[in-house]
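Commentary on secondary and tertiary structure
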Amino acid sequence: MASVVRGTSLRAGGACVRCRKGKTKCVYENGRAPCRNCAKGMHECYLPSESMAHHHGQSPARPPRPRESLPGERSVSATSDRQPVTTGAVIPRNIPSNTEKLTPELVTECERVISKTIPSCVAFHKPSFLQKLKNGTLEGSIVNGLLTCAARSSHGLIRRYGNQGGASAASEHFAVKAINLIMQNLDNPSLADIQALCLLIIHEWGNRNAVRAYIYLGQAARMAQMYRIIAVHQNRGDPDQFIKDESFRRTLWLIYVLDCFLTSSPGRQPAVSHHDIKDIPLPCLDMSYNFGTPVYVRTLAGGPPPGIPDASTQMTEVGEFGHIVMATQAWRNVIEMLTTVTSTTFSEEECASLEAGIDAVRNSLPPHFMDKPGQINLHITMGSGFTYAMLHCLLHCATIMVNRRRLLHLVTTDGFNHETWRMVPHVHLQTVDRVFAAAHSVVSLLLALEANADKDAIPNFPLVMLFSCFTACSTVAWFSLKGLTPPDVNETAESIVRDGMRFLQEGANIWILAVPWYRHLSVMNKVLRNGDRTLLRTQPEPGVPSIKEDTASQPDNPDSMDYERPQSANTQEQADGRGSEPPRKSGFTTINGGSAGASTPATASPPPGQAKADSPAPSSSGQPAESVPASGNDMTAAELCVAFERQLLELDDLAAFMGGGV
């Protein structure tokens with residue numbers, strides 16, 4: 001926050017609001033905010049005269065001050081990279097002094113995020129971050145950004161800051177502080193501000209604030225562009241220049257990865273253009289980055305990086321984070337196909353090309369990063385378990401979506417029935433096998449991470465890994481309910497879905513975004529457990545119902561996704577309590593929060609007798625629960641499969657992945 005020049009701390013009216021309430025002595029460093037007490041607790045420091053503006057979310061107008069340098073300090077951190085300013089230049093933010101210290105508990109939480117949590121553990125320079133944390137010199141924006149991530153999986157932070165809101169409320173406590181610091185320094189953004197904003201994008205995305213996350217993404221891209229322009233004029237003789245350059249490159253690649261995820265729908269324009277990344281080398285090996293050893297790595301297009309001395313200079317292999325970037329590009333290419341292809345423009349050749357691209361990424365992996373049985377356990381021992389799992393979850397998810405689209409095109413064509421399925425070429429049976437193998441791998445990766453999780457923290461899987469789990473389990477359930485799998489595979493399908501249900505239920509307690517995924521899969525799991533697959537072979541295919549409710553995927557109402565069946569007459573309510581849903585009527589939960597039978601922009605009005613029932617009130621605890629017991633009005637397997645197929649054609653799963661429409 002911009003500083004305020006105040007009088008001496010003992011002058012009447014000079015104490016801040018927090019010190020007044022606590023009846024403690026308010027001591028200002030050099031007569032400037034924040035006071036010593038607010039600085040130690042990382043609280044907002046404002047005078048009584050500023051309280052009105054503070055409570056209304058406004059930043060009081062305050063005169064800026066020249067930035068004060070820290071003599072004798074040579075930083076190797078990627079976060080202490082403020083550009084030199086001329087004498088008399090002003091920066092509208094108070095720079096914490098060396099006397100400001102975080103509490104040991106908060107330092108420990110930040111260290112855990114930097115060392116073990118995606119994306120911080122691969123995108124940030126661990127040695128300098130950890131050193132500056134110990135010294136108390138890490139910038140406030142990134143400190144609060146790290147605590148925003150930590151609060152989702154920390155029992156202590158959730159108890160202290162979450163109150164009734166749980167993990168999301170605890171994270172929001174620190175996110176508000178982080179965004180305030182970022183916005184106050186827009187005139188001179190540091191790399192720490194951009195990195196913190198990337199963490200806030202994930203926070204808002206996980207809270208199902210789709211619009212805010214998308215806007216933050218564009219802001220982070222613009223800030224990176226401006227930082228890159230300013231950094232060109234830096235002194236290139238710095239011995240730690242490679243660390244600073246690599247830190248910026250990794251931050252830009254992190255923005256690119258988030259951009260691939262958050263623009264996975266028609267109408268959302270990318271924030272990072274091809275021009276922004278065409279000459280940026282992929283991230284190098286973590287060892288070279290941590291030790292500051294200059295290396296040359298190829299670009300995403302495969303060419304040499306700019307600045308390489310000559311053609312004979314040897315380039316090193318792509319690093320761990322670089323492989324995640326390549327896997328994200330392969331995943332995004334699949335999304336591009338899903339969002340542009342129609343039933344008339346579907347091309348088997350395009351699917352084959354996309355699958356070849358996924359295999360190319362797999363084949364480019366070093367031996368220790370290959371997807372082999374037991375390999376995840378070695379990486380967990382080495383501390384890179386989440387990096388390995390993230391990489392392969394992306395590749396498996398892309399594989400599942402390509403092959404699922406193949407079979408979706410087959411089953412939605414005219415004349416398909418189970419007699420024709422028995423006569424299909426063997427290639428389609430191989431497609432089912434590939435999907436089952438990829439789904440089993442996704443669940444196995446999460447099981448291994450769960451078995452070796454830190455006992456002092458809540459298991460917290462990244463959103464992309466949870467979505468990969470949802471994609472794998474829902475696809476396997478669809479295959480089984482549709483009768484596309486051999487009878488002896490059904491038990492395997494139920495086992496995969498059961499494990500996925502547990503991961504999504506735990507994830508929904510941490511990420512609001514995962515709540516509709518969990519509820520949707522719970523409905524599929526219920527029908528799967530009921531053994532209704534036999535009905536599919538004897539009953540005619542029902543008419544295709546409409547799926548989406550245009551307003552249901554809006555991020556501001558994440559819990560309004562369950563509606564009663566049109567013929568439902570009886571309601572079975574569950575007892576209230578932690579871990580339980582609000583009273584609901586049995587029916588089919590759609591992915592993006594709509595209901596089967598609700599009209600969509602692409603369809604006409606619903607048939608007579610089909611009207612959407614009122615949405616239930618959101619749960620006070622905010623916790624998901626198992627579905628209500630089956631009743632006579634529950635969907636049959638045939639009805640559920642047709643509804644699920646319609647959702648896939650309308651891209652409801654991608655809308656749910658991004659938290660709603662823009």
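First, a word on scope: everything that follows refers to the structure included in this document. Bear in mind that the values here come from a model prediction, so they are computed numbers and not experimental data.

Before going further, it helps to examine the overall build of the protein chain. When you go through the protein chain residue by residue, the secondary structure sums to 26 helices and four strands. Taking all 662 residues of the protein chain together, 57% fall into the buried category. Across the protein chain, the fraction of contacts at a sequence separation of at least 24, relative to all contacts at a separation of at least 6, is 77%. Accessible surface, the protein chain: about 27900 Å² in total, of which carbon and sulfur atoms supply 54%.

Another aspect to go through is the side chain of Glu650. Within the secondary structure, Glu650 sits in the loop between helix 25 (637-649) and helix 26 (652-657). Among the polar contacts made by the side chain of Glu650, one reaches the side chain of Arg646 at a distance of 2.7 Å.

Another point: the packing of aromatic side chains. Within the structure shown, the criterion is met by 18 aromatic pairs. Plain terms: the ring middles of Trp253 and Tyr256 are 5.5 Å apart, the flat faces sit at 85° to each other, and that makes the pair edge-to-face. Of this pair, Trp253 and Tyr256 both sit in helix 12 (residues 241-262), three residues apart, roughly one helical turn. Accessibility classification places Trp253 together with Tyr256 in one group, the buried group. Where Trp478 meets Phe479, the ring centres are 5.3 Å apart and the plane angle is 45°; that geometry is what we call tilted. Across the pair, exposure class does not vary: Trp478 and Phe479 are buried alike.

In terms of nonpolar packing, the biggest core is built from 171 residues, with Leu146 and Trp517 touching the most fellow members. The dominant element in this core, judged by the number of residues it contributes, is helix 18 (residues 385-411), at 16 residues. Among residues more than four places away in sequence, those in contact with Trp517 are Leu463, Leu466, Phe467, Phe470, Leu504, Ala656 and Phe657. Ala15, Cys19, Ala33 and Cys45 belong to the second-largest nonpolar core, a separate cluster that totals ten residues.

Analysis parameters
- Residues numbered from 1 in each chain as written.
- Predicted model: local features only at pLDDT ≥ 70, side-chain atom pairs only at ≥ 80, totals over all residues.
- Heavy atoms only, no water.
- Helix = DSSP H or I, 4+ residues; strand = E, 2+ residues; numbered from the N terminus.
- Buried < 20%, exposed > 50% of the residue type's maximum accessible area, 1.4 Å probe, protein only.
- Contact = heavy atoms within 4.5 Å.
- Areas by Shrake-Rupley, 256 points an atom, 1.4 Å probe, with all protein chains shown as cover.
- Polar contact = N/O pair within 3.5 Å; in protein donor to acceptor, adjacent residues only side chain to side chain.
- Phe/Tyr/Trp six-rings, centres within 6.5 Å; stacked < 30°, edge-to-face > 60°.
- Core = buried A, V, L, I, M, F, W, Y, C linked by side-chain atoms within 4.5 Å.

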